[in-house]
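Observations on the model geometry
Residue-level listing of the chains:
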Amino acid sequence: MIISASTDYRAAAQRRLPPFLFHYIDGGAYAEYTLKRNVEDLSEIALRQRVLRDMSELNLETQLFNERLSLPIALAPVGLTGMYARRGEVQAAKAAAAKGVPFTLSTVSVCPIEEVAPAIDRPMWFQLYVLKDRGFMKNALERAKAAGVTTLVFTVDMPTPGARYRDAHSGMSGPYAPARRILQAMTHPFWAWDVGLLGKPHDLGNISTYRGNPTGLADYIGWLTNNFDPSISWKDLEWIRDFWDGPMVIKGILDPEDAKDAVKFGADGIVVSNHGGRQLDGVLSSARALPAIADAVKGDLKILADSGIRNGLDVVRMLALGADTVMLGRAFVYALAAAGGAGVSHLLDLIEKEMRVAMVLTGAKTISDITRDSLVRAGI
Ligand code: FNR
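This one's a predicted model, so the numbers in the text were calculated from it and none came from an experiment.

Observations concerning the overall build of the chain
Counting its secondary structure elements, the chain contains 16 helices and ten strands. Residue burial in the chain is summarised as follows: out of 380 residues, 58% are buried. Relative to all contacts within the chain whose residues are 6 or more apart in sequence, the contacts with residues 24 or more apart total 73%. Carbon and sulfur atoms make up 54% of the accessible area of the chain, which totals about 15400 Å².

Right, dumping it as structure tokens:
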């Protein structure tokens, strides 16, 4: 077992959530090979210890898209976050803002854009999927702009949903899914109470706001599954580039050629990501994909990376492999599910502490001091 800041939170999340939700978060595509490699490849990267270099002054701040980040970290977009804790997106966004790092609201959040953006005192990021319903996309972009969203994260690795067999087993998807979810929710009354399901019907923020009426989870999953668009190409993104004046980040890049295309397109950043192993099982882990991408485009745009980051050492490793900033996915979600916003705050504090130890003992005083020289050997 890999011990990390998020291991205990993962166990606590499993105890608290109904199984269909825990496995939705925890699982990946097909045999979950890439999901596992994301974590293992990172943990195997050897940091290069240096000593006696006066490391009394550390600075973990970084600058990204005209924002000051207290740590080179942003919270990744995670769908249904408001099902893991009551008004979960607001709780996580507040914890991120208090720490001084960005929060990214998923297209498929429970809390709508208009609820989360005003709850925090720093600009929110918003993630958009490419959906067949371009009316929904346009509407979401307009609402995001109106709510003061700065950075748009455009996720491109979901032209079709991955084969997630854990969801079929657990009751998240499949023909009997709604009945199984209700049954599981009934055996977790505290969860149902905590997320507010016992109070009023749950609506799914961004989508029900657009469609004008509350949607249940079954209806929502059906709408979403039929709405992913396999016809998408770079040309389809142009109208968004023209419409959106803030920074635009393309999420789901794993290949240097695609990274170069993102530069040509004029993206401000990319997220090197395999969607946490939830899409195409068998692709490279992010840690293994990142060095070649950094060689191809470092400096031409900002490189963010996610997938498999579970602790502060992993953050330092991803930076050393070429990322400018990282995104946390499951790590913050487990903490949120286990202990709400306080859990996310605690997790971010632990990650900062771990980063500080790693920086002191690799001789990096600032974030830009973390380079491939911080590793015993580059790549894996
Ligand atoms: C995700 N991810 C995701 N990405 C995205 O662009 N929009 C989304 O709505 C979601 N939803 C989502 C739900 C859940 C439960 C998970 C675990 C992940 C992917 C996410 O942004 C990120 O890329 C991965 O979580 C990173 O991998 P790790 O850190 O979770 O291993």
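Some points on the packing of helix 1 (residues 7-16) against helix 2 (residues 19-26)
Two quantities define a packed helix pair, namely the angle between the helix axes and the distance between the axes. Interaxial distance between helix 1 and helix 2 falls to 8 Å at its minimum, and their mutual angle equals 150°. By the angle between their directions, the pair helix 1 and helix 2 is classed as roughly antiparallel. In contact with Arg10, Ala13 and Gln14 of helix 1, helix 2 contributes Phe22, His23 and Asp26. Looking at the contact of helix 1 with helix 2, its residues break down into two nonpolar, two polar and two charged.

What about the side chain of threonine 325?
Mapped onto the elements, threonine 325 comes out in strand 10 (residues 325-328). If we skip the residues at most four places from it in the chain, threonine 325 touches Thr62, Leu64, Leu69, Pro72, Ile73, Ala74, Ile303, Leu304, Ala305 and Leu319.

Digging into the side chain of arginine 241
Tracing the backbone shows arginine 241 in helix 12 (residues 238-243). Within the structure, the side chain of arginine 241 is placed 3.4 Å from the backbone oxygen of glycine 246, a separation counted as a polar contact. Every residue in contact with arginine 241, bar those within four places of it in the chain, is listed here: Gly246, Met248, Phe265, Gly266, Ala267 and Asp268.

Description of the nonpolar core
One finds Ile73, Tyr84, Phe154 and Ile270 to be the most contacted residues of the largest nonpolar core, which totals 114 residues. Examining the composition of this core, we find that 14 residues originate from one element, helix 16 (residues 330-362), more than from any other. Among all residues touching isoleucine 73, those that are not within four sequence positions of it are Val101, Pro102, Val315, Thr325, Val326, Leu328, Leu348, Ile351 and Met355. Counting residues in hydrophobic clusters, the runner-up holds eleven residues, among them Phe65, Ala74, Ala76 and Val249.

Looking at the UniProt feature "binding site: glyoxylate" (unreviewed entry) in the chain
With numbering aligned to this structure, UniProt lists the feature "binding site: glyoxylate" (unreviewed entry) at Tyr24, Tyr129, Arg164, His275 and Arg278. Inspection of the secondary structure puts histidine 275 in the loop between strand 8 (269-272) and helix 14 (286-297). Under the relative-accessibility criterion, histidine 275 is labelled buried at 11%. For histidine 275, the side chain forms a polar contact with the side chain of tyrosine 129, separated by 3.4 Å. Those residues in contact with arginine 278, other than ones at most four positions away along the chain, are Tyr24, Ile25, Gly27, Gly28, Ala29, Gly162, Arg164 and Arg330. There is a polar contact of 3.2 Å between the side chain of arginine 278 and the backbone oxygen of isoleucine 25.

What to know about the site of the ligand
Around the ligand sit 23 residues in total, of which Pro77, Ser106, Thr155, Asp306 and Arg330 are the nearest. Between a nitrogen atom of the ligand and a side-chain N or O atom of histidine 275, the distance comes to 3.4 Å. Burial of the ligand by the surrounding chains reaches 99%, relative to a free accessible area of 590 Å². The set of elements that each furnish at least two residues to the shell around the ligand consists of helix 2 and strand 5 (125-129). Taken together, the residues of the shell around the ligand break down into eight nonpolar, ten polar and five charged.

Quick notes on the sheet that holds strand 4 (residues 104-105)
Taking strand neighbours across the sheet as the criterion, the eight strands line up as 3-10-9-8-7-6-5-4 in an open arrangement whose pairing is parallel. Lying at the two open borders of the sheet, with one neighbouring strand each, are strand 3 (73-75) and strand 4. Here strand 3 runs beside strand 10; their pairing, made up of three bridges, is parallel. Of the residues in strand 10, the one forming a bridge with alanine 74 is methionine 327. Along the sheet, helix 13 (residues 256-265) contacts strand 7 (248-253) and strand 8; its crossing angle with strand 7, the most-contacted strand, is approximately 165°.

A word on unusual backbone geometry
In this structure, glutamate 32 takes a positive phi of about 65° despite not being glycine. Locating glutamate 32 in the fold gives a position in the loop between helix 2 and helix 3 (33-43). Glutamate 32 sits in the buried class, given a relative accessible area of 17%. Although it is not a glycine, leucine 52 sits at a positive phi angle of roughly 55°.

Quick look at the packing of helix 13 against helix 14
In the contact formed by helix 13 and helix 14, the axes pass within 9 Å of each other and the chain directions differ by 35°. As helix 13 runs across helix 14, the sense of the crossing is right-handed. The segment helix 13 lies against helix 14, with Pro256, Ala259, Lys260 and Val263 engaging Ala292, Ile293, Ala296 and Val297. Among the residues forming the contact of helix 13 with helix 14, the class breakdown is seven nonpolar, no polar and one charged.

Cut-off values and rules
Residues numbered from 1 in each chain as written. Predicted model: local features only at pLDDT ≥ 70, side-chain atom pairs only at ≥ 80, totals over all residues. Heavy atoms only, no water. Helix = DSSP H or I, 4+ residues; strand = E, 2+ residues; numbered from the N terminus. Buried < 20%, exposed > 50% of the residue type's maximum accessible area, 1.4 Å probe, protein only. Contact = heavy atoms within 4.5 Å. Areas by Shrake-Rupley, 256 points an atom, 1.4 Å probe, with all protein chains shown as cover. Axes fitted to C-alpha atoms, helices over the stretch in contact; angles between N-to-C directions. Parallel < 35°, antiparallel > 145°, perpendicular 65-115°, else oblique. Nonpolar A, V, L, I, M, F, W, Y, C, P; charged D, E, K, R; others polar. Polar contact = N/O pair within 3.5 Å; in protein donor to acceptor, adjacent residues only side chain to side chain. Core = buried A, V, L, I, M, F, W, Y, C linked by side-chain atoms within 4.5 Å. UniProt positions renumbered as here; feature names shortened; annotations may be inferred. Near = heavy atom within 4 Å. Pairing = 2+ DSSP bridges. Left-handed = near helix turned anticlockwise from the far one by under 90°.

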